[in-house]
Amino acid sequence: MKTETKKKNGKPLSIKDFKSDRNVKWCPGCGDYMILSMMQKTFTQLDHPKEDIVCISGIGCSSRLPYYLDTYGIHSLHGRAPAVSTGLKLANPDLSVWVVTGDGDSMAIGGNHFIHACRRNLDINIIIFNNKIYGMTKGQSSPTTPLGMKTKTAPYGSYEPPFNIGELAISAGATFFARVPDKSPQLLGDVMMEAYKHKGTSIIEVLQNCVIFTDGIHEKLTDKETKDENQLELKAGEPMVFGKDDEYGIQIDGMKLKKVRLDDDNNTNTLIHDPSEKETQQHVALAKLQLPDFPVAMGIIRNTESTSFDEQLHHIIDDSQKNSKYKNLEDLFHSGNTWEVK
């Protein structure tokens, strides 16, 4: 899709045009600020006019974001943002719909809505703020809390295996999945634009820092001293290499991925990233790479083409209307055994 900046009074829209007059009520230092900032910046580049952009949220710290964007927005029910978005997108396919949600909102009470959004491939964008805790309700374990981490509801350490959001999304049918740390604004902006261009459900997992309850939980991935060793930034068509001097690579060992130190003998076996691959095995394997044995995959892991749910449904509606004697709802209401009350 060719994108062009929409204009206001003959001038390109700026970030200021997407800032609301509300005071932002997040903790100082919260990773949410960077996500908000990049959404405001990205929206200036969309091909949609400002009045056709909608942001929908569920419940939680992340879900206050629609108040801070000067667009249409809905602060909906806990976990139900994908359901509200589905209705909105089907009623008006021309809208650019963005969902903001947290790991608790999307993976727990909204888990069912999330997996069906992935399965249906509705043309919406879902940004998940993953700080691995319930922040707004004061630090309970969420479905992404690591095993053994002490929380208000697990004082001896979490004993529930956590969800890997990428594994869940891709396995449920998501055609676009990307992961970005909240300290990589350029990468997040690039990913948001690719998600916008993608026709189908786009899932962006942002590894977001909660300064109160999980401060530093992503530090090994974002610290300047360790991020080169611990992040595998994926780029379409390029070899999967990482390290300060790209001295490590990812290769195949049977049915598994393996980390290798590159030298002249094994450089040629390094995998080339193909996010457009239809089969899911390698994308799921990349999404599951975890420290300390592997680097964590960042960037766009999966970006495949498939018919979107809204496109398919509207084709069915068009075909039904062509072949039906009832052309609209009013015709249907006035057909058959109906009476007019006077």
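It should be noted that the structure appears before, not after, this text.
One structure accompanies this document, and this report is about it. (Residues numbered from 1 in each chain as written. Predicted model: local features only at pLDDT ≥ 70, side-chain atom pairs only at ≥ 80, totals over all residues. Heavy atoms only, no water.)

**Some words on the environment of aspartate 123**
Summarising the element assignment, aspartate 123 is placed in the loop between helix H5 (111-120) and strand S6 (125-130). Taking C-alpha positions, aspartate 123 is 37 Å from threonine 153, a pair spaced 30 residues apart along the chain. With residues up to four places along the chain from it excluded, the contact list for aspartate 123 reads Lys89, His198, Lys199, Gly200, Thr201, Ser308 and Asp310. (Helix = DSSP H or I, 4+ residues; strand = E, 2+ residues; numbered from the N terminus. Contact = heavy atoms within 4.5 Å.)

**Side note on the pattern of salt bridges**
In total, this model carries 5 salt bridges according to the counting rule given. Salt-bridge contacts for lysine 199 lead to aspartate 123; the nearest nitrogen and oxygen are separated by 3.6 Å. With a gap of 76 residues between them, lysine 199 in the loop between helix H7 (185-197) and strand S8 (202-207) and aspartate 123 in the loop between H5 and S6 connect regions that are remote in the sequence. Among the residues examined, lysine 199 registers a relative accessible area of 46% and is labelled partly exposed. (Salt bridge = Lys/Arg side-chain N within 4 Å of Asp/Glu carboxyl O. Buried < 20%, exposed > 50% of the residue type's maximum accessible area, 1.4 Å probe, protein only.)

**Description of a negative patch on the surface**
There is a patch of like negative charges on the surface, built from Asp215, Glu219, Asp223 and Glu225. Residue class for glutamate 225 comes out exposed when judged on its relative accessible area of 58%. (Patch = residues over 30% accessible without salt bridge, like charges linked within 9 Å, V, L, I, M, F, W, Y side chains within 5 Å. Areas by Shrake-Rupley, 256 points an atom, 1.4 Å probe, with all protein chains shown as cover. Lys, Arg positive; Asp, Glu negative; His and termini not counted. Charge placed at Lys NZ, Arg CZ, Asp CG, Glu CD.)

**Here we look at the sheet that holds strand S4 (residues 72-75)**
Taking strand neighbours across the sheet as the criterion, the 8 strands line up as S4-S3-S5-S6-S8-S7-S13-S9 in an open arrangement whose pairing is mixed. Each end of this open sheet is capped by a strand with a single partner; those strands are S4 and strand S9 (231-233). When strand polarity is set aside, the average angle formed by the axes of neighbouring strands in this sheet is 20 degrees. (Pairing = 2+ DSSP bridges. Axes fitted to C-alpha atoms, helices over the stretch in contact; angles between N-to-C directions.)

**A closer look at the packing of aromatic side chains**
Applying the stated criterion to the full structure yields 5 aromatic pairs. Note on tryptophan 26 and tyrosine 33: the rings are 5.6 Å apart at their centroids and 85 degrees apart in plane angle, and the pair reads as edge-to-face. In this structure tyrosine 33 comes out as partly exposed when scored by relative accessible area, which is 31%. The ring of phenylalanine 18 is capped by lysine 50, whose NZ or CZ atom sits 5.5 Å from the centre of that ring. Over the face of the ring belonging to phenylalanine 309 we find arginine 120, whose NZ or CZ atom lies 6.0 Å from the ring centre. (Phe/Tyr/Trp six-rings, centres within 6.5 Å; stacked < 30°, edge-to-face > 60°. Lys NZ or Arg CZ within 6 Å of the ring centre and 35° of its normal.)

**Observations regarding H5**
Where H5 is concerned, the buried positions are Gly111, Phe114, Ala117 and Cys118. Down the axis, H5 shows its buried residues gathered within 125 degrees of arc, on one side only. If you follow the buried residues of H5, they end up packed against helix H3 (81-91), helix H4 (103-109), S6, helix H6 (165-171) and S8. In the stretch just after H5, asparagine 121 is the one whose phi turns positive, near 65 degrees. (Arc of directions from axis to C-beta.)

**Focus: the nonpolar core**
Within the largest apolar cluster, 37 residues are counted, with the highest numbers of intra-cluster contacts made by Met39, Leu65, Trp98, Ile127, Leu188, Met192 and Ile204. If one sorts the elements of this core by residue count, H7 sits on top with 7 residues. Setting aside anything within four residues of it in sequence, one finds tryptophan 98 in contact with Met39, Phe43, Leu46, Ile53, Val54, Cys55, Ile56, Asn125, Ile127, Met192 and Tyr196. Counting 35 residues, the second-largest nonpolar core is a separate cluster that includes Met107, Cys118, Leu168 and Ala174. (Core = buried A, V, L, I, M, F, W, Y, C linked by side-chain atoms within 4.5 Å.)

**Structural notes on the state of the cysteines**
Enumeration over the complete set of coordinates arrives at 0 disulfides. Looking at the unpaired cysteine 27, the closest cysteine sulfur is the one in cysteine 30, lying at 6.4 Å. Cysteine 55 forms no disulfide, and the closest cysteine sulfur to it belongs to cysteine 30, at a distance of 15 Å. The exposure class of cysteine 55 is buried, given its relative accessible area of 0%. (Disulfide = S-S within 2.5 Å.)

**Considerations on unusual backbone geometry**
The omega angle of the peptide bond from leucine 291 to proline 292 is 5 degrees, so this bond is cis rather than trans. Structurally, proline 292 can be placed in the loop between helix H10 (281-288) and strand S13 (296-303). With a phi close to 65 degrees, asparagine 121 is a non-glycine residue in the positive phi region. The residue asparagine 121 is located in the loop between H5 and S6 in this model. Backbone geometry places aspartate 246, a non-glycine residue, at a positive phi of 50 degrees. On the secondary structure map, aspartate 246 appears in the loop between strand S10 (241-242) and strand S11 (248-253).

**What to know about the sheet that holds S11**
Reading across the sheet, the 3 strands line up as S10-S11-S12 and stay open at both edges, with antiparallel pairing between neighbours. At either margin of the open sheet sits one strand with a lone partner, and together these are S10 and strand S12 (256-261). Pairing between S11 and S12: 6 bridges, direction antiparallel. Following the sheet pairing, isoleucine 250 is matched in S12 by lysine 259.

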